[in-house]
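Here are the chains, one letter per residue:
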Amino acid sequence: MMASFLMLSYLIKAKFKGKTFVCHSIIGSIVLFHVLPTLLSHSISPSGSSTCGDVLCFHGTCHDGRCICDNGWQGSACHRCGGRIKLDAPSGYISDGIGNYSTDLQCTWIIESGMNESVIRLEFVHFETECSWDHLYIFDGDSVFSPVLAAFSGILVRDGHEFQRIPEISAHSGRAYLYFYSDAAYNMSGFNISYSINTCPKNCSGHGVCVSPSLGCTCDAGYDGEACDRLICPNDCSGHGVCDREQHKCNCDYDFVGIDCSQPQFEGFWTNVNAIKTVKGRALHQSVLYENSMYVTGGEYYEPEEFLMRFDLKLKKWETIKGDIESGVVPSERFGHSVVLHNNKLIMFGGMLKNGSITHDLWAYDILRQRWDLWVEGDDYFSLSCAIVKGGFGHSSCYDSLTKVIYVFGGYHSLGASDTILVDLLYGYNYRFKSWILLNPSQSPRYLHSATIINGLMLVYGGNGYNASHYNSGDRCFSPQFLSYEISCDTWRTLKDPSPAILLSDSGFGRYGHSSILYEDSIYIFGGFNGVMLSSILKYSPGDCRRFSIADECGRVRAGTKCVWNKDKNVCLPFSVQKTSQAVSLYSPCDSVYANFTELCQRQTLCPSCLANTYGCVWCSSGQCAHQKCRKTGVKDEIKSISDSSRCEDDIRSSNCDKLHNCHSCHTEYQCGWQRDSKCYTFVRDFDNKTDKNALRDDLKPVCEQPCHTRTTCENCTAGSCMWCSSTRRCIESNAYAAIFPIAQCMEWTIHPYKCSGLTCSDIQSCDRCLKNPLCGWCDDGTGTGVGICLEGASTGPYKWNGTHYSLIMSACPANDWHFAHCPECQCNGHSHCLSPNVCQKPCNHLTEGSHCQYCMAGYYGNPMNGGNCTPCSCHSHSVFCNRESGKCHCTTKGITGHHCEKCDEQNNYIGNPEEEGGSCFYNLTMGYQYTFNMSKPDDRFYTRINFMNVPMTPDIDVEFMIQCQESALVNISIGSATFPIRTLHERLECGNFKLRFSHDENLFGIENTTFYVNVFAFSTPFVLQISFSQHRTLDLLQFFVTFSSCFLTLLIIAAILWKIKQKYDLYRRRQQLFVEMEQMASRPFATVVIHVNREQINLKDNRSRDCDNPTPIALEPCNTGKAAVLSLIVRMPTGGALPTPAGQTGIAIASALVSLGTVPLEHKSNKETDCPNNKVMNSSNKLNNCPTTTTNMTGV
């Protein structure tokens, strides 16, 4: 019970929901713990799981604490598929494992019934993989060379919900082969498939009894169908009919159709067309209507089929049309071509041939004469105008006779050398003017869909809508979506798509790669691909406009046809009828357009594309495209309208060069040139004052790489930016996968050169790897030692390529020695025999070792797999070990490199000759530097020795040597020169932390390249050491102090002399400054000042006059620095001792001085004012100039 609980816990953690048998019982019930292991034994562990410590071995057994996986399983818990699994139980489950499957994965299952022509049935419980990239292939047989039944991808069934109805797959050969391939980019939850041998379809779905596998089911009352999975009268005929239980169908009322009478005829309805004769399914074909017949040409198909077929739409009968074998003029089989009808002829152009080449020939099939003619084989182009559009793959094109326009919608476009995008673009091409116009996009990207114009609408059905940049919903891989484009309104609508409730079919309705025609106002859709090749015909009948009696209903109903209201007659009529009648008053409203025209306009980078569309764009003088009006930039823009599109014809930038994404396609246009940034540019030149497009000179064009399609080997292909498909042996452009292999034609691809060796069976040398390749089987040599060869083959025997296809060749390997599901029990690679199953006798022979003698012994290299030999390592005595596969030596001396340790690492300053006997490599140490060597990287793990050398250059100075090792090691030190042999100075010193000194008297340094050699050895990594050589003279103390004293005294004397010179210079500067100040004061302007002088006698002997030494100035002129000022005051001139002033003189003068600005102590100021009461303050209105910024003593003028 505990093991059951652990298994349940692991499943929950691993997100296995939806991939196991669905059980709706209560988890809390104790019965679940007993029932769950039984259920899971079908879906997870057919061999029974076991516990291994804390891990469950889902598909293996526990051995020594780890899981040993069964054949075809891998992972720590043996929970993921990874090889070939054989199933022979009567029923069971097939799953990729627990959780999401791995990327870059290959798994195969072979179901053996044990009886030829017994029926093996497969039913899908869960399926979720990456659309168009991760495929599950199902073959009716025992190998990939058997007929293909299906190739599924995408989200088909998830959590019990069917996104796409998948029919029960039946293999009638008695064997079924399943192959799952996941690329290296993306992974999802995978799949869970139930199988049963010799049972009734779906085991009668629980609504009947299985009489026998050959007789089928006897259904219960109310159910019908091969598997009793269809109600006789679904939904009780929806209230619009009567159930006829004898005929097992609903008899619908008037105006209602469908298996449940739920579809009103006047709204448009879907039906199945039951053909008298069945044909094989096909996709990527073309269909054309001629009179009452649908002609189908080419396409891809799983089983051989005629290239040209005809379906009589009146008789509902198929007819194969064989080519004119006698004349020998028949087209090669192809897909992706184009076919139109002209003058009783089918005109077919281009396509991709079965060998992978793309053709551009033009064929015509004369329907009346029933023969093919080759018309043109070559190229013919003409120039186009208006919008510049980009070519793609998988788009649709149809012609409207009313507007005279060809409408091209959707497709796959390249974005660069390795990127692609799915588009929803709609182009219109006017063949009369040879011009393109951009129309409203659909907001629903897709490719390989169909489009048909009927009564003013373009009806688009199906297609592949998966795009890796969008969320991957279930219906995008094989879309059943039904869209309509109203031509006159430039608007899109979504119509009612077919569904299992409407049509009686098991094949599903979502598809791509189908074709459609218009016959008697109904659309017929044939074939396509949705994991299986479809051969069914769907019919869509549009509604009847005349049934709508209200004008608003007439214009807005989604009946698969365009209806308009005739106001004169108050009747709703088809658009085509009204267009052919005389002018009448019509009412035909248009839906709102849900598109971001601002963004659409901004995408247009060229003037013609900007103006030739229905987005309402204008071309601005700034060279940008805007919606309706240009942005205001401060400069008035010159705005071009749609009516001025002719002005863009001379725009030199109007070129499609930027839409060409590889070198070769770029050079197909004369004005285009491929540049080193991997982009294609338009080249122009100036000529006669005019700029025009110009061809790039050949010598300026870079040389293009070899085209991918011309590369014939995997190694050559992956050496460039190409993709190699191993199953088709083709090399393609890395962005062309969706166009070259749209329906799973490539079973494995790679862009990496290292994967090339395992893609071909003959290159594989082990049975285990051989059986992991879905194409290969193992032929044992019969010795019982595990030696054999890997060959293409099946469970029945080996296959060989005969130039056109693979065929079974039993003589290539005896039946008893052929192994396809399991390897021989003894796998000793020819170097031993087994004592017991899968246990090789030891020791292995031929210098090998390993559990299966699969490795070379230490000191030897080679590939001993499958009888290979081992060769001794050749390392010039610098190692005894090498890489056991490549033989590259693990050199034990640092600085020695090369495959055979034959050279020194000169880039890192190691010199020497390791090839000569006793030679080695030495690191050349520079004198006077300390070096640190850290050998702790993974690449250093084999080092046990390092050598150094140093050449002293000064002959009369001793050499000091220092070394420090963090781990134990030994050191040898030697010395030698050109004339003296090398002699050992120290031997096997313990390398710790020590210094040595070597006298120059005992060793001749600097003469004849005397060299020290240091060998550090016997260490193990990680290892760190420091080492240095240095030469320093001995210090003489007396000489040092004499020299120091002399220098110090000399410096003192020089300092004293400089100080005297500075004093002299400062005095000179002060004098010069004084002269400048006097000149400034003398140059000041003068003004008239009126003063009043008291004539009273002054007592010169008055002591107070001598104390008045702080006169009040009449002006104070601050300098511009604010630190000094020119002070002006009035002074009395001396009288020479006489009391009166001499006649003619006032005895008064103006005096100025340059003073420092500062504050006067308050006490001092008060004293002065008290002592000099007679002082008067005299103001001056003189306008004085600023003076120089100087500070000096009081100076009289």
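Residues numbered from 1 in each chain as written. Predicted model: local features only at pLDDT ≥ 70, side-chain atom pairs only at ≥ 80, totals over all residues. Heavy atoms only, no water.

1. Comments concerning the overall build of the protein
Stage number 1. The secondary structure content of the protein amounts to 13 helices and 87 strands.
Stage number 2. Counting the 1197 residues in the protein, one finds 45% classified as buried.
Stage number 3. Within the protein, contacts between residues at least 6 apart in sequence are counted, and of these 56% link residues at least 24 apart. (Helix = DSSP H or I, 4+ residues; strand = E, 2+ residues; numbered from the N terminus. Buried < 20%, exposed > 50% of the residue type's maximum accessible area, 1.4 Å probe, protein only. Contact = heavy atoms within 4.5 Å.)

2. Describing unusual backbone geometry
Stage number 1. A cis amide bond links Lys 842 with the next residue in sequence, Pro 843, at an omega value of 0 degrees.
Stage number 2. With respect to the helices and strands, Pro 843 occurs in the loop between strand 68 (839-840) and strand 69 (848-849).
Stage number 3. Geometrically, the link from Thr 1021 to Pro 1022 is a cis peptide bond, its omega value of 5 degrees lying close to zero.
Stage number 4. Counting through the fold element by element, Pro 1022 comes out in the loop between strand 83 (1011-1017) and strand 84 (1023-1030).
Stage number 5. In the Ramachandran plot, His 248 falls in the positive-phi region, its phi being about 60 degrees despite a non-glycine side chain.
Stage number 6. In this structure, His 248 sits in the loop between strand 22 (241-244) and strand 23 (249-252).
Stage number 7. A relative accessible area of 36% means that His 248 is categorised as partly exposed.

3. Remarks on the state of the cysteines
Think of a disulfide as a covalent bridge from one cysteine sulfur atom to another cysteine sulfur atom.
Stage number 1. With the rule as written, the count across this model stands at 35 disulfides.
Stage number 2. In this model Cys 81 forms its disulfide with Cys 107; the gap between the sulfur atoms is 2.0 Å. On the S-S bond that ties Cys 81 to Cys 107, the torsion sits near 85 degrees, and the link is right-handed. One end of the pair, Cys 81, is in strand 6 (residues 80-81); the other, Cys 107, is in strand 9 (residues 105-112), and 26 residues separate them in sequence. There is no split in this pair, since Cys 81 and Cys 107 are both buried.
Stage number 3. There is a disulfide in this structure between Cys 717 and Cys 731, and the S-S distance comes to 2.1 Å. Handedness here is read from the sign of the S-S torsion; for Cys 717 and Cys 731, about 80 degrees, the answer is right-handed. Of this pair, Cys 717 sits in helix 8 (residues 714-718) while Cys 731 sits in strand 60 (residues 730-733), and the two are 14 residues apart along the sequence. (Disulfide = S-S within 2.5 Å.)

4. Regarding the packing of aromatic side chains
Stage number 1. Evaluated as defined, the whole model comprises 59 aromatic pairs.
Stage number 2. Arranged with centres 5.0 Å apart and planes meeting at 65 degrees, the rings of Trp 270 and Phe 482 form a pair that is edge-to-face. In this pair, Trp 270 is assigned in strand 26 (residues 269-273) and Phe 482 in strand 45 (residues 482-486), connecting sequence segments 212 residues apart.
Stage number 3. Judged by relative accessible area, which is 2%, Phe 482 ranks as buried.
Stage number 4. Ring pairs connect the aromatic residues Tyr 101, Trp 109, Phe 124, Phe 127, Phe 152, Phe 180 and Phe 191, which therefore count as one cluster. (Phe/Tyr/Trp six-rings, centres within 6.5 Å; stacked < 30°, edge-to-face > 60°.)

5. Quick look at a nonpolar patch on the surface
Stage number 1. Taken together, Leu 1037, Phe 1040, Phe 1041, Phe 1044, Phe 1048, Leu 1049 and Leu 1052 make up a surface patch of nonpolar side chains, about 760 Å² in accessible area.
Stage number 2. Relative to the helices and strands, Leu 1052 is located in helix 11 (residues 1037-1082). (Patch = residues over 30% accessible without salt bridge, like charges linked within 9 Å, V, L, I, M, F, W, Y side chains within 5 Å. Areas by Shrake-Rupley, 256 points an atom, 1.4 Å probe, with all protein chains shown as cover. Salt bridge = Lys/Arg side-chain N within 4 Å of Asp/Glu carboxyl O.)

6. Remarks on the sheet that holds strand 30 (residues 317-321)
Stage number 1. Ordered by their spatial adjacency, 4 strands build an open sheet running 27-28-29-30, and the pairing between neighbours is antiparallel. Each edge of the open sheet is held by one strand with a lone partner, namely strand 27 (286-290) and strand 30. In this sheet, neighbouring strand axes are inclined to one another by 25 degrees on average, regardless of whether the strands run parallel or antiparallel.
Stage number 2. Note that strand 28 (residues 293-297) and strand 29 (residues 308-312) share 5 bridges and pair antiparallel. Considered in strand 29, the bridge of Ser 293 is made with Asp 312. (Pairing = 2+ DSSP bridges. Axes fitted to C-alpha atoms, helices over the stretch in contact; angles between N-to-C directions.)

7. Some details on the UniProt feature "domain: EGF-like" (unreviewed entry) in the protein
Stage number 1. Under the UniProt annotation, the feature "domain: EGF-like" (unreviewed entry) is placed at residues 196-229.
Stage number 2. In this annotation, residues 196-229 is assigned 0% helix and 38% strand; the end-to-end C-alpha distance for the span is 18 Å. (UniProt positions renumbered as here; feature names shortened; annotations may be inferred.)

8. Some thoughts on the UniProt feature "transmembrane region" (unreviewed entry) in the protein
Stage number 1. In this structure's numbering, the residues bearing the UniProt feature "transmembrane region" (unreviewed entry) are residues 21-40 and 1037-1061.
Stage number 2. Helix makes up 100% of residues 1037-1061 and strand 0%, with an end-to-end C-alpha separation of 37 Å.

9. Quick word on the pairing of strand 29
Stage number 1. Counting buried positions along strand 29 gives 5 out of 5 residues, so the element sits mostly inside the fold.
Stage number 2. Residues Leu 308, Arg 310 and Asp 312 point to one face of strand 29 and Met 309 and Phe 311 to the other, with burial holding for every one of them.
Stage number 3. Relative to strand 30, strand 29 is paired through 5 bridges, and the arrangement is antiparallel. Bridge assignment links Leu 308 to a residue of strand 30, and that residue is Ile 321.
Stage number 4. Counted between consecutive antiparallel strands, the loop separating strand 29 from strand 30 contains 4 residues, among which Lys 316 sits at a positive phi close to 55 degrees.

10. Looking at the confidence of the model for the protein
Stage number 1. On average, the protein scores 82 in pLDDT, and the residues at 70 or more come to 83%.
Stage number 2. The low-confidence segment residues 1-47, where pLDDT is below 50, has 79 contacts with residues more than four positions distant or belonging to other chains.
Stage number 3. Counted against residues more than four places away or in other chains, residues 1100-1108, with its pLDDT under 50, gives 10 contacts. (pLDDT = per-residue confidence, 0-100.)

11. A few points about the sheet that holds strand 49 (residues 537-541)
Adjacent strands of a sheet pair through backbone hydrogen bonds, lying either parallel or antiparallel.
Stage number 1. Taking strand neighbours across the sheet as the criterion, the 4 strands line up as 26-49-48-47 in an open arrangement whose pairing is antiparallel. Only two strands of the sheet have a single neighbouring strand rather than two, namely strand 26 and strand 47 (515-519). Neighbour-to-neighbour, the strand axes of this sheet turn through a mean angle of 25 degrees, independent of strand direction.
Stage number 2. Bridge analysis of strand 47 against strand 48 (residues 522-526) gives 5 bridges, and the strand direction is antiparallel. Paired with Ser 515 across the bridge in strand 48 is Phe 526.

12. A closer look at the nonpolar core
Soluble, globular proteins show a tendency: their nonpolar side chains are buried together.
Stage number 1. Residues Ile 94, Trp 109, Ile 111, Phe 124, Phe 152 and Leu 178 are the most contacted members of the largest nonpolar core, which totals 85 residues.
Stage number 2. Among the elements that make up this core, the one with the highest residue count is strand 16 (residues 175-182) (6 residues).
Stage number 3. Every residue in contact with Ile 94, bar those within four places of it in the chain, is listed here: Leu 87, Trp 109, Ile 111, Leu 178, Phe 191, Asn 192, Ile 193 and Tyr 195.
Stage number 4. Tyr 910, Ala 969, Phe 1005 and Leu 1025 belong to the second largest nonpolar core, which has 39 residues in total. (Core = buried A, V, L, I, M, F, W, Y, C linked by side-chain atoms within 4.5 Å.)

13. Thoughts on empty space enclosed by the protein
Stage number 1. If you walk through the whole model with that rule in mind, you get 3 cavities of 30 Å³ or more.
Stage number 2. As a volume, the largest cavity reaches approximately 100 Å³.
Stage number 3. Glu 486, Arg 493, Val 557, Thr 561 and Lys 562 are the residues nearest the centre of the largest cavity, which is lined by 15 residues in total.
Stage number 4. Among the elements of the structure, strand 45, strand 46 (491-495) and helix 3 (551-556) are those that each provide at least two residues to the lining of the largest cavity. (1 Å grid on protein atoms, 1.4 Å probe; cavity = no way out; pocket = protein on both sides within 12 Å on 5 of 7 lines; lining within 4 Å. Points joined across faces, edges and corners; volume = space filled by probe spheres on them.)

14. A closer look at the side chain of Asn 866
Stage number 1. Tracing the backbone through its elements, the reader meets Asn 866 in the loop between strand 71 (860-862) and strand 72 (870-872).
Stage number 2. Engagement of the side chain of Asn 866 in a polar contact is seen with the side chain of Gln 765, the distance being 3.4 Å.
Stage number 3. The residues contacting Asn 866, other than those within four sequence positions of it, are Gln 765, Trp 778, Gly 786, Val 787, Gly 788 and Asn 829. (Polar contact = N/O pair within 3.5 Å; in protein donor to acceptor, adjacent residues only side chain to side chain.)

15. A look at the pattern of salt bridges
Stage number 1. Enumeration according to the criterion identifies 24 salt bridges in this entry.
Stage number 2. Lys 755 is the salt-bridge partner of Asp 104, the closest N and O atoms lying 2.4 Å from each other. A residue pair is termed long-range when its members are at least 10 positions apart, and Asp 104 in the loop between strand 8 (91-95) and strand 9 and Lys 755 in the loop between strand 61 (749-750) and helix 10 (767-772) qualify at 651 residues.
Stage number 3. Glu 960 is the partner of Arg 997 in a salt bridge, and the nearest nitrogen-oxygen pair spans 2.5 Å. Taken together, the residues Arg 997 in strand 82 (residues 993-998) and Glu 960 in strand 79 (residues 959-965) connect sequence positions 37 residues apart.
Stage number 4. Each of the salt bridges in this network shares a partner with another, and the network as a whole consists of Arg 310, Asp 312 and Glu 319.

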